[in-house]
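# Topology and contacts: notes
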Amino acid sequence: MATQALWQPKEEGLREICGLLQQNISPTSDKTRIWQQLQHFTQFPDFNNYLAFIFARSQGTSVEIRQAAGLLLKNNLRSAYKSMDPAYQQYIKSELLPCLGAADKHIRTTVGTIISAIVQQGRILGWPELLQALMQCLDSNDINHMEGAMDTLSKICEDIPQELDSDVPGLAGRPIDVFLPRLFQFFQSPHASLRKLSLGSINQFIMLMPTALYLSMDQFLRGLFVLANDPAADIRKLVCSAFVQLIEVNPSFLEQPNMKSIIEFMLQASKDNDDEVALEACEFWSAYGEAQLNPELLREFLQRLIPILLSNMVYANDDESLIDAEEDDSQPDRDQDIRPRFHSSRFHGSDDMNDDDDDSLNVWNLRKCSAAGLDIISNIYRDGILPTLMPLVEAKLSTSDDETWKEREAAVLALGAVAEGCIEGLYPHLAEIVAYLIPVLDDKFPLLRSITCWTLSRFSKFIVQGMVNQKGTEQFNKVLMGLLRRILDTNKRVQEAACSAFATLEEEAAEEMVPYLETILQHLMCAFGRYQRRNLRIVYDAISTLADAVAVELNQPRYLEILMPPLIAKWQQLADSDKDLFPLLECFTSIAQALGTGFSQFAGPVFQRCLNIIQLQQLAKVSQSNLRDVLLQCCVDDAPDVRQSALALLGDLARVCPVYLRPSLSNFLNIAAKQLGSPELQESISVANNACWAIGELAIKVREEVSPVLMTVISCLVPILHHAEGLNRSLVENSAITLGRLAWVCPELVSPHMEHFMQPWCAALSMIRDDVEKEDAFRGLCAIVRLNPSGALNSLVYMCRAIASWQVIRSEDLHNEVCQVLHAYKQMLRDGSWERCLSALEPPVKDKLSKYEVR
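Parameters and conventions
Residues numbered from 1 in each chain as written. Predicted model: local features only at pLDDT ≥ 70, side-chain atom pairs only at ≥ 80, totals over all residues. Heavy atoms only, no water. Phe/Tyr/Trp six-rings, centres within 6.5 Å; stacked < 30°, edge-to-face > 60°. Helix = DSSP H or I, 4+ residues; strand = E, 2+ residues; numbered from the N terminus. Buried < 20%, exposed > 50% of the residue type's maximum accessible area, 1.4 Å probe, protein only. Lys NZ or Arg CZ within 6 Å of the ring centre and 35° of its normal. Expected span 1.5 Å × (residues − 1). Axes fitted to C-alpha atoms, helices over the stretch in contact; angles between N-to-C directions. Left-handed = near helix turned anticlockwise from the far one by under 90°. Contact = heavy atoms within 4.5 Å. Nonpolar A, V, L, I, M, F, W, Y, C, P; charged D, E, K, R; others polar. Parallel < 35°, antiparallel > 145°, perpendicular 65-115°, else oblique.

Per the stated rule, a full pass over the model turns up 18 aromatic pairs. An angle of 90° between the planes, with centres 5.2 Å apart, marks the rings of Trp-7 and Tyr-50 as edge-to-face. Here Tyr-50 lies in helix H4 (residues 47–57) and Trp-7 lies in the loop between helix H1 (2–6) and helix H2 (11–24), a separation of 43 residues in the sequence. Pairing Phe-41 with Phe-44 gives two aromatic rings, centres 6.2 Å apart and planes at 45°, and the pair type is tilted. Owing to a relative accessible area of 11%, Phe-41 belongs among the buried residues under this scheme. Among the aromatic residues, ring-to-ring pairing joins Trp-7, Tyr-50 and Tyr-91 into one connected group. In this structure, Arg-703 is placed above the aromatic ring of Trp-744, and the distance from its NZ or CZ to the ring centre is 5.0 Å. For Arg-801, the ring lying beneath its charged end belongs to Tyr-798, and the centroid distance is 5.9 Å.

Quick look at the structure:
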């Protein structure tokens, strides 16, 4: 209280700031002018004190103004807290704590965001009074105080859960040890808000798995079963999320006798009337398969599960006008759903089933999640699911009237979902299946046309393999021509699906496409002239994939006369600042790589500058500094698709010409890291994916030069790994790879911090398929473990699982490094700890570790 006596607001200042805040929340005000005036006040050291006073004490002021003051205070503290006068810090904190029990809910929720922001800056140990205040509120019988404290605690758990699982001087245990029993008590609360906040808070710790939660797992599971039947849908959703996370972190928690009860609950939840509950529940089936649990546990439930998944895959939008109407591509996007996107985009890091996330069309939903679950299940049980699935699919396909088209569409989606896992059972009927699908490409309903494109793409490999006889070749020709027709569809969603499917077919067919090159190019260039900006990107993708597939066969005058003039004309139309510059540049790069010297006659002086940068790696041509500046600007453009393309190009340049980026290296790295922050992640997963990928590519090229911004980047990657369960899977995998690359190039900087991320990092590495990028990541893992072996001791089981995830390490050097790491731990842990670690591993993991001569 002594601090309060030292500082008091001046009435004139209060009036002026309140007046600006009032204007700022007015819908008719000049927001830019007001913002500038508010920013002007930030030069005064006690401005944030005024905001805290208005938020906490201005009882006669409207809640809207007080809340606006609080939100502005939160934003200011994120950047200014550490440099503030300690007396002012203490004043603000003392003003906030009484607001935990405020009568107005808006004030209570806002104070939670401010407190969490302060804890992020000053840590728990910098505010010991906070823990005591939260405990007092939680132990009170006043709902406002309990809810305010619980809301604040939940925000801290969400933003910085590791803070509550760390030692605090003066406390006998860690904060989580004290709070966890209270959170379990709130599971029984009559107030739904407290049940929801308490469970949501605990869920934030599942991936971290602190000792307190590990030791309380039986109590947690009992609480989950109680909440499983909660009348509040939000709480049932959190129960589903908890089970999904637990099965990802440590499946042994859910083994018998719990698993059958959990499966029963998830079956019911998967058809919950609330779509969000059903969506969260359906995540369980993919997680179950990926956890490699005993398949026999789930087998007896498949006859009930498969119909539920198929039912969830039926298109749910009641407004059929959104999907029946033929759309002109120049019209704004409409909110419609088309299909899971499995084709791997050239926009680096995009996820097959959730591409182009800034588009409402591609938001992850129950339909796609159920299709993904069916895909995973088909890869476990293979043809064993066909006796249950196919009668349902055939019944849906047998309908022909307009009223049942959604049922047919779901059946086509299901065929695509099981195309990989059930191919042996479907293969004898593949010609019949494809023969059925080809006419559906011309169906009157756009959604059916688009999903048929995708399903045919899932069978592309086998359609191409069937070209050993005339009948197979004729069918390939029909599929190819059908997809080309759909590329010229009047519905832009069908255009996108057709281009994606055609790119997949190109990849599988490769040189088999050569006899069709002229026809293909004519269709693609017709689409090029017809499509508007958004879909032009997928035409560039299809052209690039074609160039990669046929390579030098493209270098013939009759083909190039079709392909190059429109592209060069487009290139010449674009200014350096045009948003379409970078995807077109990627397309040109693929063509140039295919044609080699044959490309130069078409390049012209305009494109020559970029050809020099990317292909020839020469630095003394036209306007290079301008292009670098434009790339910087586009990496921070307001439009997600521009940032996505610019960051993809940044990664390409890092691979082939990193020296060109060096003058602006720090800027590029900082900009890319910013795309990994929490708000940016929600805006656009594809942008974050490309940013993450570009950082990794830069790191392995410039190596130690990345060190000035390394910790900034790592501080962005680690939260992604810790919150993997709620994020796009490919972003998590890219984050794991990039973290590994940073560890590889700067192990001495990364290794001291490895204890904070080893478990989720290794869990993410376990999910990555064998490739060169995974090799890079494991070189980083080995490098930091060698420097700080004790930092991985608590994560040894996770590291062993990650190592066992390799089918085969092709690099002999890396294989030897992994052997040395495991051998070193075996020697270090002679007290029996090594044997205890091995005993905690699943039998298949132990078998795989034997490849490294560790038994």
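Following the structure, the description resumes.
Another point: helix H12 (residues 192–203). Over its twelve residues, H12 runs 16 Å from end to end, which matches the ideal 16 Å to within 8%, given 1.5 Å per residue. Burial runs high along H12: nine of the twelve residues are buried. Buried within H12 we find Leu-194, Arg-195, Leu-197, Ser-198, Leu-199, Gly-200, Ser-201, Ile-202 and Asn-203.

Moving on, we come to the packing of helix H41 (residues 710–722) against helix H42 (residues 729–745). At a minimum axis separation of 9 Å, H41 and H42 run at an interaxial angle of 145°. Where H41 crosses over H42, the handedness of that crossing is left-handed. Here Leu-710, Val-713, Ile-714, Leu-717, Ile-720 and Leu-721 of H41 lie close against H42, whose contacting residues are Leu-731, Val-732, Ser-735, Ala-736, Thr-738, Leu-739 and Leu-742. Residues that form the contact of H41 with H42 fall into these classes: eleven nonpolar, two polar and no charged.

Turning our eyes to something else, we now look at unusual backbone geometry. In this structure, Arg-123 takes a positive phi of about 65° despite not being glycine. Among the structural elements, Arg-123 can be located in the loop between helix H7 (105–122) and helix H8 (128–138). One non-glycine residue, Arg-382, lies in positive phi territory at about 50°. Structurally, Arg-382 can be placed in the loop between helix H21 (366–381) and helix H22 (386–397).

Structurally, Asp-272 can be placed in the loop between helix H16 (258–269) and helix H17 (275–290). On the basis of relative accessibility, which here comes to 17%, the residue Asp-272 falls in the buried class. Apart from residues lying up to four places away in sequence, Asp-272 is in contact with Arg-236, Val-277 and Ala-278.

Right, let's get into the packing of H42 against helix H45 (residues 772–787). Where H42 contacts H45, the two axes come as close as 7 Å, and the packing angle between them is 50°. Taken together, the axes of H42 and H45 are oblique relative to one another. In this structure, H42 meets H45 at a crossing whose hand is left-handed. Between H42, through Ala-736, Ile-737, Gly-740, Arg-741, Ala-743 and Trp-744, and H45, the contact on the second element is made entirely by Glu-773, Asp-776, Ala-777, Arg-779, Gly-780, Ala-783 and Ile-784.

Function cannot be inferred from these measures alone, as they are strictly geometric.
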